[in-house]
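Geometric and topological summary
Each chain, letter by letter, is given below.
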Amino acid sequence: MKKRNVDLVCDIAELISLEEVGRDRRELLQKVVTSVAKHMMADVCSIYIYDEEEKVLTLRATQGLEPAAIGTVKLQLGEGITGRAVRELRPICVGSASQSSSYKFFPGIHEEEYEAFLTVPILRGLRRIGALVVQARDANYFTPNDVKALRAIAAQLATMIENVQLLSGARVEAEAEPQPVRRTLSENILRGRSASTGTARGKAYTLASGHAESCLLPDPESNGHTVADFELAIEKTAQQIEKLQRQTSEELADVAVLIFSAHLLILEDDQFTGRISNLIRTGTPGVKAIATVVDEYVEVFSKSKMPLIREKVLDVKDLGNRLTRNLLNETDEECDYRGQIIIAHELLPSDILKLSAENVEGFIISSGVTSHNAIICRSLGIPMVALARELADGIPDGEALLMDAEQGIVYLKPSDEVYAKYRELDAAWKVLHDAADVKEETRAKCGERVHIYANINLLSDLKPARKFKAEGVGLYRSEFPFIVRNDFPPEDEQYVIYKKLVDQMEGKTVTFRTLDIGGDKMLSYYSNVNEANPFLGMRAIRFSLRNKDIFCQQLRAFLRAGAEGNTRIMFPLVSSVDDFINARTIVYECMDELEAEGIPFSRETQLGVMMELPSAVEVVDELAAEADFLSIGSNDLIQYMLAVDRTNEQVSSLYLAHHPAILRAINRIVSAAMTLGKDVSICGDLSADPRMLPFLLGVGLRNFSIDIVNAPTVQRMVNNIAIKDAEEMADAMLDLGRISQIEAFLLERNLAPAAEA
Ligand code: PEP
Ligand code: MG
């Protein structure tokens, strides 16, 4: 068989004639690759499209590679042979790809089977549009004629892609911009990013796909239900929700305030239930009547300009679900999300709380994961994986899933072997994280004392904190009670929550952090700021200093709760000594007020700075002189020092705790505090990273505030390190100026750093 390059060029011209432009572009690109592969007798033909802003090429159509790779395989400009061709604006023909220094291997898409590789950039003048690639099994398969033919096709594709861009008036593929992460490993294994660890097993249930699919949903036309049946269903639903609210309030006192109130309000709304009754009365089958009215509400709510109303969409869907199941007389047990893994594009922290109360097994989320959603899931012990939208959308409802949220992997229809393997891994995890193994005191190998504190996000974290023998609370993230409410919680309500925290720690140190909202942690009821760069905007202490009333209410509640306890207060995102002094002045004002009012508090309450910004590191000597203590917030310190958004998957490979700048900053902070005899601790995720523990101990850190379930691992690790050895290691690491040198150093000692955040 002969290659038919002339026919090919003609065919493609026809294929992409103007009539075709209005068609689905994906289908069109797919036709192009199929046709090119056939005419050139190539085993593979693929099209990558270039995003000028991101400087990334994304695979958008392929004949021959794994279809699941579409949208997920990405190349930076200059990366791999194709990335190089596009960067250098020239075709590259390689006889044997595996021998090429530019070759980039993607596991799971079977590209390695093809040796010959020809890639031609798709250009408009000098503007980069994408790349057309052909591959063949046999080495040296493509000829100079093939290069010419492919160039001719690429020229036509450029026009076609530009036309589509013009017609749609949008950036190419903006609609399919991939969400967090990577690629499919195989059809049955989806790879994403871990947001909250653990393993979950269950059936897939997509929240966005409407209402009521979660449980054996009947034919919507199923008839025979009367208005009286529906009224019974309302009663039963109300009872279930009230019970759920009661249970949640007991277990999650700080964040559960009226969390199901919208459900009850809607249920009591005559327009809602009345309209369903009317539809049933006039002959609409019950299930269909519920669905119709729920859909109407969803439509209205989702279009609302008010975020608070838009947030109720999930509630009304959930309500529809419950009413339907109760109408069908299903049992109480079936009215929750037990045995289900929820797939959603977005979730609010309050949704997570509700779904957790309804026994959901795990979450797959297809938008970026906000740090608070991740933190709340970790606190609730619910695994969460962030998956690219196209991968998440491809999971059919009802599919059996196994989520390995440690690795960020989702197995579809797992085999018996996979289930067995995870049973073993879960058992091993339990052994490694057995609270019974934790001793009251943590000591290094040489006997030196080290302290392990707990990070507390929800009051429910106190139970594990006690179980894992935390020596106190090194970080209480106070924002959760704010995030799940409809308004700023008043001082007295805050006091009750903070007091519980202090009481339950029974005299141990409790470190309150003042409100850290802004960035990716927004309050729906405080949306008067619309910021282009929220991480650089009105966040944390800046918000508190700007909103003194809210700040004072929180400070007063902290001070009152700490009247008899051993409490400290620290401020997040301090960028200058002035920030700290301003915040401290307000604390003193609150103290004076409380004193004047005769309300007990402790003047001894220590005030500290969270070290999270490069500017704070530069003035750390002065900060250490002013503050009573310093606490390193490594999550933000890394983010701001390296200018790497901690929630942006595209740059997660640059989020490196072992970057020399981070190591030196930590060393500087600890030295400054120690020189002045001030207490210093670390409370970001780095504090429980076993690979970095020797370094942290070596620079002098002795106070670690961690997600307390990691206490057994951290304690074991500390037990095995002598401080002298740790100091030698830290000194050696501080001398290294390159990331690669530090990686090699850690690797030599079997302490390979995490590849990603
Ligand atoms: C940190 O930045 O390390 C930290 C502990 O704060 P958060 O993760 O809540 O921003
Ligand atoms: Mg922080």
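Up top is the structure these notes are about.
An account of the accompanying structure is given in this report. Each chain carries its own residue numbering, running from 1 in the direction its sequence is written. Lettering for chains starts from A, numbering for ligands starts from 1, and both go in the order in which the items are written. Note on the predicted model: pLDDT of at least 70 is required for a residue's local features to be given, and 80 or more for side-chain atom pairs to be given and counted; whole-chain, interface and lining totals, by contrast, use all residues. With hydrogens and water stripped out, all remaining heavy atoms of the structure feed into the side-chain values.

1. Regarding the overall build of the protein
Note the cut-off: Each helix is a run of DSSP H or I of at least 4 residues and each strand a run of E of at least 2, with the numbering of both proceeding from the N terminus. Think of it in three bands: with a 1.4 Å probe and only protein chains considered, a residue is buried below 20% of the maximum accessible area for its type, exposed above 50%, and partly exposed in between. By the convention used here, residues are in contact when the closest approach between their heavy atoms is within 4.5 Å.
Within the protein one finds 29 helices and 24 strands. A burial count over the protein gives 55% of its 757 residues as buried. Restricting the contact set of the protein to residue pairs at least 6 apart, pairs at least 24 apart contribute 66%.

2. Concerning the pattern of salt bridges
Threshold: When a carboxyl oxygen of Asp or Glu lies within 4 Å of a side-chain nitrogen of Lys or Arg, that pair is called a salt bridge.
This structure, assessed with the given rule, holds 38 salt bridges. In this structure, the salt-bridge partner of arginine 556 is glutamate 491, at a minimum N-O distance of 2.7 Å. Taken together, the residues span a long stretch of sequence, with arginine 556 in helix 20 (residues 548-561) and glutamate 491 in helix 18 (residues 491-504) at a distance of 65 residues. For the pair arginine 556 and glutamate 491, a shared accessibility class is recorded, and that class is buried.

3. Considerations on the nonpolar core
Most often, soluble globular proteins have nonpolar side chains that are buried together. To keep things clear, this is the line we draw: Within this scheme, the nonpolar core is defined by two criteria: the residues are buried Ala, Val, Leu, Ile, Met, Phe, Trp, Tyr or Cys, and they are joined through side-chain atoms within 4.5 Å. Each domain span listed reflects an automatic or database assignment of domains.
Counting residues in hydrophobic clusters, the biggest one holds 110 residues, and the most contacted among them are Phe571, Leu630 and Ile666. For this core, the domains that each give at least three residues are domain 3 (454-611) and domain 4 (624-749). Apart from the residues within four sequence positions on either side, phenylalanine 571 is in contact with Thr514, Ile541, Phe551, Leu555, Phe580, Ala583, Arg584, Val587, Gly608, Val609 and Met610. One finds Val287, Val294, Ile352 and Ile375 within the second-largest nonpolar core, a separate group that totals 58 residues.

4. Structural notes on the coordination of the magnesium ion (ligand 2)
Filter applied, for reference: Coordinating donors are taken as N, O and S atoms within 2.8 Å of the metal, stretched to 3.2 Å for Na, K and Ca; because water is absent from the atoms, sites can appear incomplete.
Surrounding the magnesium ion (ligand 2) are the protein donor atoms Glu612 (OE) and Asp636 (OD), which sit 2.0 to 2.1 Å from the metal. Of this pair, glutamate 612 sits in the loop between strand 21 (606-611) and helix 22 (614-618) while aspartate 636 sits in helix 24 (residues 634-642), and the two are 24 residues apart along the sequence. When its relative accessible area of 2% is taken as the criterion, aspartate 636 is described as buried.

5. Some thoughts on the packing of helix 6 (residues 227-251) against helix 7 (residues 261-268)
So the rule is basically this: To obtain each axis, a line is fitted to C-alpha atoms, and for helices this fit is confined to the stretch in contact; angles are then taken between N-to-C directions over 0 to 180 degrees. Each angle gets one of four labels, with under 35 degrees taken as roughly parallel, over 145 as roughly antiparallel, 65 to 115 as roughly perpendicular, and the rest as oblique. Crossings are assigned a handedness: left-handed for a near helix turned anticlockwise from the far helix by less than a right angle, right-handed for a clockwise turn. Each residue receives one of three labels: charged for Asp, Glu, Lys and Arg, nonpolar for Ala, Val, Leu, Ile, Met, Phe, Trp, Tyr, Cys and Pro, and polar for the others, Gly being one of them.
Between helix 6 and helix 7, the least distance of the axes is 10 Å, while the angle of their chain directions is 160°. As judged from the angle between their axes, helix 6 and helix 7 are roughly antiparallel. Considering the relative orientation of helix 6 and helix 7, their crossing is left-handed. Each of Ile234, Thr237, Ala238, Ile241, Glu242 and Gln245 in helix 6 lies in contact with helix 7, whose residues at this interface are Ser261, His263, Leu264 and Leu267. The residue inventory of the contact of helix 6 with helix 7, partitioned by class, reads 5 nonpolar, 4 polar and 1 charged.

6. Some points on the site of ligand 1
For the record, the criterion: A cutoff of 4 Å decides nearness: a residue is near a molecule or strand if any of its heavy atoms lies inside that distance of it. Polar contact criterion, stated in full: a pair of N or O atoms within 3.5 Å, where within protein one must be able to donate a hydrogen and the other to accept it, and residues adjacent in sequence count only if both atoms are side-chain atoms. With residues, only the protein chains shown are counted as cover, and all accessible areas are computed by Shrake-Rupley using a 1.4 Å probe.
Around ligand 1, a shell composed of 15 residues is seen, among which Arg477, Glu612, Gly633, Asn635 and Arg646 lie nearest. Within the side chain of arginine 513, an N or O atom sits 2.9 Å from an oxygen atom of ligand 1. Between ligand 1 and aspartate 636 there is a distance of 2.9 Å, counted from an oxygen atom to a side-chain nitrogen or oxygen. For ligand 1, whose unbound accessible area comes to 280 Å², protein coverage reaches 100%.

7. Some remarks on the packing of helix 6 against helix 11 (residues 313-327)
Between helix 6 and helix 11, the shortest axis-to-axis distance is 8 Å and the interhelical angle comes to 125°. In terms of their interaxial angle, helix 6 and helix 11 are classed as oblique. Considering the relative orientation of helix 6 and helix 11, their crossing is right-handed. Contacts between helix 6 and helix 11 involve Asp229, Phe230, Ala233, Ile234, Lys236, Thr237, Gln240, Ile241 and Leu244 from the first element and Leu319, Arg322, Leu323, Asn326 and Leu327 from the second.

8. Concerning the packing of aromatic side chains
Under the convention used in this document: Under the pairing criterion, centres of Phe, Tyr and Trp rings, with the six-membered ring standing for Trp, must be within 6.5 Å; the plane angle then separates stacked pairs below 30 degrees from edge-to-face pairs above 60, leaving the rest tilted.
One pass over the structure, following the stated rule, counts 14 aromatic pairs. Seen from their ring centres, tyrosine 141 and phenylalanine 142 are 5.1 Å apart, and the 85° between their planes marks the pair as edge-to-face. The exposure class of phenylalanine 142 is buried, given its relative accessible area of 8%. Note on tyrosine 297 and phenylalanine 301: the rings are 5.7 Å apart at their centroids and 75° apart in plane angle, and the pair reads as edge-to-face. In this pair, tyrosine 297 and phenylalanine 301 both sit in helix 9 (residues 286-303), 4 residues apart, roughly one turn of the helix. For the pair tyrosine 297 and phenylalanine 301, one class covers both residues: buried. Among the aromatic residues, ring-to-ring pairing joins Tyr476, Tyr498, Phe512 and Phe558 into one connected group.

9. What to know about the environment of isoleucine 599
Residue position: isoleucine 599 is located in the loop between helix 21 (577-597) and strand 21. Counting along the chain gives 40 residues from isoleucine 599 to leucine 559, while the straight-line C-alpha distance between them is 9.7 Å.

10. Considerations on the sheet that holds strand 4 (residues 92-94)
Filter applied, for reference: Any two strands with at least two DSSP-identified bridges between them are counted as paired.
Taking strand neighbours across the sheet as the criterion, the 6 strands line up as 3-2-1-6-5-4 in an open arrangement whose pairing is antiparallel. In this open sheet, the two edge strands, each paired with only one partner strand, are strand 3 (74-76) and strand 4. On average, each strand axis in the sheet is tilted by 20° relative to the strand beside it, whichever way the strands run. Contacting strand 1 (44-51), strand 2 (56-63), strand 3, strand 4, strand 5 (116-124) and strand 6 (127-136), helix 4 (residues 80-88) runs over the sheet at an angle of about 35° to strand 5.

11. Looking at the environment of threonine 143
When you line up the elements, threonine 143 lands in the loop between strand 6 and helix 5 (144-168). Looking at threonine 143, the relative accessible area reads 34%, which means it is partly exposed.

12. Focus: unusual backbone geometry
In this model, leucine 573 sits at a positive phi of 60°, which is unusual for a non-glycine residue. Mapped onto the secondary structure, leucine 573 falls in the loop between strand 20 (567-571) and helix 21. For alanine 643, which is not glycine, the phi torsion reads 55° and is therefore positive. Looking at the secondary structure, you find alanine 643 in the loop between helix 24 and helix 25 (660-675).

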